[in-house]
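# Structure at a glance
What follows is the residue order along each chain.
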Amino acid sequence: STLADGLARGAERVSGSLSETFFEPVIRIGVTGLSRAGKTVFITSLVANLLERGRMPGLVAASEGRITAAFLQPQPDDTVPRFDFESHLAALTAPVPHWPESTRAISELRLSLRVRPAGLLAGLTGPRTVHIDIVDYPGEWLLDLALMDKTYEGWSAATLATMERRGIAAPYLAQAGATDGAAAWDEPQIRPLADAFTAYLHAARQKGLSGIAPGRFILPGELAGSPALTFAPIAKPDRPGRRSLWREMERRFDAYKSQVVAPFFRDHFARIDRQIVLVDALEAIHAGPPAVADLQDTMTEILSAFRPGRNAFLSRLLLGRRVEKILFAATKADHLHHTQHARLTAFMEALTAEARARADFQGAETASIALASLRATVEETREQDGEAFHCVRGTLLEPGGTRGREAAFHPGDLPDSPASLIAAARQGHEAWLDQDYRVMKFAPAPLSLKPGMGPPHIRLDRAAQFLIGDRL
Ligand code: GDP
């Protein structure tokens, strides 16, 4: 009877998963972007707004009143950390609100919608349940894809060559130069090298420079301090012995690839149906042309993950499976008056154009958008000497995270031809040609949310329509 029970349970499980695929579709949405791009705030506000739906007119199923219920459910993957939606929302809705803790590693959340079918089917069938699995992961981890087709020797040589051209790499290069890869391997020697290399990667990331792999050195999650994350590029000695420093570095590099990078792509990345890539474009524009050129390089690197044809490892993994839709979103658009939003969208288009031109992402549908997940400002038009200035007003966020005074400011007009300005950046212009563009950091505004209303946003509903609208 135990056997019969077991079989019955097995059959139940099979039919359970069948009914899920046939009658309860699952859409897996990947949310990525470099750290501080706005992933955590995006997911928190998206979920809160889908739960309430009072501010989602751009999501057609919501505006037609066909979403009859929305609720959070246990996620399908038991070993992936849950996205801490409640704590993040509590931070944003506290009497004195603050920004939530940013993404440090992968997490997941399942939101389920009860949806009445549209059109002719409406009278024939009852509401369906559509599961939306949101997977949040650092964009830095996608940069590791470039390592998969490399050997330790090739990666070391290329990385050291890039570092030679960067002043911030000097301390590491000095340390690595004094290291003999043929010497017997010794942990107390490897550790400071790995630490110095990690410090370089952080500095490069801070400056918005491209080529910052391995991604886990910057966001290690629970792997911090493990041998797979304790290696660094060094020059190859003539005859590295079996117990040499070089051989151990090589072994760890291979372990990083096979035990850290490959499982992430296999278990998580390969299962994503639709993807949103968040970009803090305003920050780069503020920093000037060199930062924009670097952002474009980094975007091209990140987006190569969505062109699996160019990577043998990824092609093997995906076996023809592909992401159906990719949305490129410039975040924090509430820093700009809405008259500037079209330019921000055009900027995103220009930023990703190069990556898109090289391949059409294997047929995935792509779009660009400018959005604010959580609107922290209000618009204001001021007159000065007969001229109108479009401003945004909000509470400034002081360094250290304290709330400062309220201020209205005019950030400057965005360049009206992003493509030509990106070209100017590539030709070595240090500053924008005619104006300086300023950004300020704002604290989240206190919210008094009425039932049925999610947090205020800009175009979050349009993003949702692109990502899930066709399946509702
Ligand atoms: P993550 O590292 O990608 O998870 O980034 P977060 O979601 O934590 O966002 C990083 C920071 O960007 C936040 O702490 C806010 O200061 C800012 N931010 C994110 N989204 C918005 C937005 O919609 N409006 C404004 N004004 N700031 C935002």
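Our structure is the block above this text.
Residues numbered from 1 in each chain as written. Predicted model: local features only at pLDDT ≥ 70, side-chain atom pairs only at ≥ 80, totals over all residues.

### Side note on the environment of arginine 252
This is how the line gets drawn: Each helix is a run of H or I in the DSSP string that is no shorter than four residues. Each strand is a run of E no shorter than two, and both are numbered from the N terminus. Exposure classes come from backbone-placed C-beta atoms, where a residue is buried if 20 or more other C-beta atoms lie within 10 Å of its own, exposed if 12 or fewer do, and partly exposed in between.
Position of arginine 252 relative to the elements: it lies in helix H9 (residues 245-267). The exposure class assigned to arginine 252 is buried, which follows from the 20 C-beta atoms found within 10 Å. For arginine 252 and tyrosine 152, which are 100 residues apart along the polypeptide, the C-alpha to C-alpha distance reads 9.0 Å.

### A look at the environment of leucine 143
Structurally, leucine 143 can be placed in the loop between strand S4 (128-136) and helix H5 (145-148). What makes leucine 143 buried here is the crowd of 23 C-beta atoms within 10 Å. Spatially, the C-alpha atom of leucine 143 lies 9.5 Å from that of serine 210, the residues being 67 residues apart in sequence.

### A few points about the site of the ligand
Formally: Put plainly, near means the residue's C-beta atom, positioned from the backbone, lies within 6 Å of the molecule or strand in question. Think of it as three bins: nonpolar holds Ala, Val, Leu, Ile, Met, Phe, Trp, Tyr, Cys and Pro, charged holds Asp, Glu, Lys and Arg, and polar takes everything else, Gly as well.
Residues in contact with the ligand amount to 21 residues; listed here are only the nearest, Lys39, Thr40, Trp99, Ser102 and Thr103. Considering only residue class, the shell around the ligand consists of seven nonpolar, nine polar and five charged.

### Things to note about the sheet that holds strand S9 (residues 387-397)
Where we set the bar: For two strands to be treated as a pair, DSSP must find no fewer than two bridges joining them. To define axes, lines are fitted to C-alpha atoms, for helices over the stretch in contact only, and angles between the resulting N-to-C directions are given on a 0 to 180 degree scale.
Judged by pairing direction, the sheet is antiparallel, and its three strands sit side by side in the order S8-S9-S10 without closing on themselves. Both outer strands of the open sheet, strand S8 (378-384) and strand S10 (403-409), are each paired with one neighbouring strand and no more. If you compare each strand with its neighbour and ignore which way they point, the axes differ by 25 degrees on average. When S9 meets S10, the two strands line up antiparallel, connected through five bridges. Within the sheet, the bridge partner assigned to arginine 393 lies in S10 and is alanine 408.

### What to know about the nonpolar core
Put simply, the test is: By definition, a nonpolar core groups buried Ala, Val, Leu, Ile, Met, Phe, Trp, Tyr and Cys residues that connect through C-beta atoms lying within 7 Å of each other. These domain boundaries are the output of an automatic or database domain assignment. The contact criterion used here is simple: two residues whose C-beta atoms, placed from the backbone, lie within 7 Å are in contact.
Within the largest apolar cluster, 114 residues are counted, with the highest numbers of intra-cluster contacts made by Val279, Ala281, Ala329 and Ala463. The biggest single contributor to this core is H9, with eight residues. Residues lining this core come from more than one domain, with at least three contributed by each of domain 1 (23-137 + 268-375 + 450-471) and domain 2 (146-261). What valine 279 contacts, discounting residues up to four positions off in sequence, is Gly33, Ala37, Met299, Phe328, Ala329, Ala330, Thr331 and Met348.

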